[in-house]
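# Per-entry structural report
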Amino acid sequence: EQASIRDAKKKVLETGIKVVDVFCPIVEGQKTGLFGGAGVGKPVLLSEILHNIINKDKEHTVSVFAGVGERTREGHELYHELKGNGTLPFVSLVYGSMGESPSVRYLTGLSAAAVAESFRDDLKKNVLFFIDNAFRFAQAGNELSLLMSGIPSEDGYQATLTSEMAHLHERLVSSENGKITTIEAVYVPADDLLDQAVQTVLGYLDTNIVLSRDVYREGIFPPVDILASGSNALNPEVVTPLHYNVSLQAKSLLQRAAALDRIVALVGESELGEEDRVLYKRARKLKNFMTQSFYVVKSQTGREGSYVETKRAVSDVKNILDGKYDNVPEDKFMNIGSLEDIKNG
């Protein structure tokens, strides 16, 4: 009965990022993973989510950022970003960069978890817990195991990998004192999602956002592989029935388009049947619409960031699916906020 009461109070955290809010909703008190290989933009997406949700409820919510085994430069950039937008007093930064010893990097994750627990239990606050990168935590444990002459398991990782991940993730839970919402970047070595460390993290997550190198090559950013990503919050009991149905229809359209990709690659789009050609073009527009300008990279892109409310994003996706924008060229959907930007542009 207590579990059902807790479930009934699920609250979706709106990030303002269309592809996340429509297809991979993040729920307060749950865990979300951003998966991707090197150079596909995990820290950028993580920073944008932090930027957009950190100001939601300053009175009752604080944030903890654990920089485990990543670049010192990224830590400095985040510090100045938070200082610039006035949110630094509400954030605890715990860093153990890649130049530190494996013991420091390993303890950085656990220290940040202890800080989050203190905020939750002593200050009775809700906590937004960010970790970049969860894989580096596993890697640090592996290096420590090798230094102590531990015998590795068959996959090369330490035999204690599962228990170490459990020790971290099972502390990051909600209680009657407050909720801990975890958002973690997870490096995927050699783009292999079946890597044992990646799979160990996967078991603790409620929402999985997969960043794809193939999508990145298409010029789509954030390069989220919508068909590989998902969330257990995407059901009519948590999101609205309209949101649920639109997301299912959109995924169905993208699956049909993916099946047509090989035909298009071999003989060209013009050889598709009339109905298939319309659906294929619609899917391209939907993919392009999922691109978005981010606030945290404005200095690099020269484009102002955009924040799109979930209700608006769902409505826009429905309009694309219904064919209301079939006469609009595909490139008009790139890097815009809502579909209003097309009319205004």
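Residues numbered from 1 in each chain as written. Predicted model: local features only at pLDDT ≥ 70, side-chain atom pairs only at ≥ 80, totals over all residues. Heavy atoms only, no water.

## Some thoughts on the pairing of strand 7 (residues 180-187)
The buried fraction of strand 7 amounts to eight of the eight residues, a majority that puts the element mostly inside the structure. By the alternation rule, side chains of strand 7 split into Ile-180, Thr-182, Glu-184 and Val-186 and Thr-181, Ile-183, Ala-185 and Tyr-187, which are all buried. Where strand 3 (residues 31-36) meets strand 7, six bridges bridge the pair, whose relative direction is parallel. Looking at strand 7, one finds that Thr-32 is bridged to Ile-183. In this sheet, strand 7 lies alongside strand 6 (residues 126-132) in parallel orientation, the contact comprising six bridges. Pairing of Asp-132 across the sheet is with Ala-185, part of strand 7. (Buried < 20%, exposed > 50% of the residue type's maximum accessible area, 1.4 Å probe, protein only. Helix = DSSP H or I, 4+ residues; strand = E, 2+ residues; numbered from the N terminus. Pairing = 2+ DSSP bridges.)

## Let's talk about the packing of helix 10 (residues 241-267) against helix 13 (residues 310-321)
Running from N to C, helix 10 and helix 13 point in directions that differ by 45°, and their axes come no closer than 10 Å. The angle between helix 10 and helix 13 falls in the class oblique. Every pair of crossing elements has a handedness; the one defined by helix 10 and helix 13 is left-handed. Contact residues: Leu-242, His-243, Val-246, Gln-249, Ala-250 and Leu-253 in helix 10; Thr-310, Val-314, Val-317, Lys-318 and Leu-321 in helix 13. Of the residues that constitute the contact of helix 10 with helix 13, the class distribution is seven nonpolar, three polar and one charged. (Axes fitted to C-alpha atoms, helices over the stretch in contact; angles between N-to-C directions. Parallel < 35°, antiparallel > 145°, perpendicular 65-115°, else oblique. Left-handed = near helix turned anticlockwise from the far one by under 90°. Contact = heavy atoms within 4.5 Å. Nonpolar A, V, L, I, M, F, W, Y, C, P; charged D, E, K, R; others polar.)

## Focus on the pattern of salt bridges
Tallied over the full model, the rule gives 19 salt bridges. Glu-77 is the partner of Arg-73 in a salt bridge, and the nearest nitrogen-oxygen pair spans 3.2 Å. Pair noted here: Arg-73 and Glu-77 are both in helix 4 (residues 72-84), with a separation of four residues, about one helical turn. Assessed through its relative accessible area of 46%, Arg-73 is described here as partly exposed. Residue Glu-77 is classed as partly exposed on the basis of its relative accessible area, which comes to 46%. Linking Arg-213 and Asp-191 is a salt bridge whose minimum nitrogen-to-oxygen distance equals 2.7 Å. With Arg-213 in helix 9 (residues 213-217) and Asp-191 in the loop between strand 7 and helix 8 (196-202), the pair connects residues that are 22 residues apart, well separated along the chain. Taking the relative accessible area as the measure of exposure, Arg-213 reaches 26% and is therefore partly exposed. Counted as one network, the salt bridges with shared partners bring together Glu-70, Arg-71, Glu-74 and Arg-136. (Salt bridge = Lys/Arg side-chain N within 4 Å of Asp/Glu carboxyl O.)

## Details of the packing of aromatic side chains
Under the definition given, this model contains five aromatic pairs. When the centroid spacing of 5.6 Å and the interplanar angle of 70° are considered together, the rings of Phe-221 and Phe-294 count as edge-to-face. Taken together, the residues span a long stretch of sequence, with Phe-221 in the loop between helix 9 and strand 9 (230-231) and Phe-294 in the loop between helix 11 (274-289) and helix 12 (298-301) at a distance of 73 residues. You can call Phe-221 partly exposed: its relative accessible area is 22%. On the basis of relative accessibility, which here comes to 1%, the residue Phe-294 falls in the buried class. Of note, Lys-18 hangs over the ring of Phe-289, and the distance from its end group to the ring centre comes to 4.0 Å. The cationic tip of Arg-136 hangs over the ring face of Tyr-187; the distance from NZ or CZ to the ring centre is 4.7 Å. (Phe/Tyr/Trp six-rings, centres within 6.5 Å; stacked < 30°, edge-to-face > 60°. Lys NZ or Arg CZ within 6 Å of the ring centre and 35° of its normal.)

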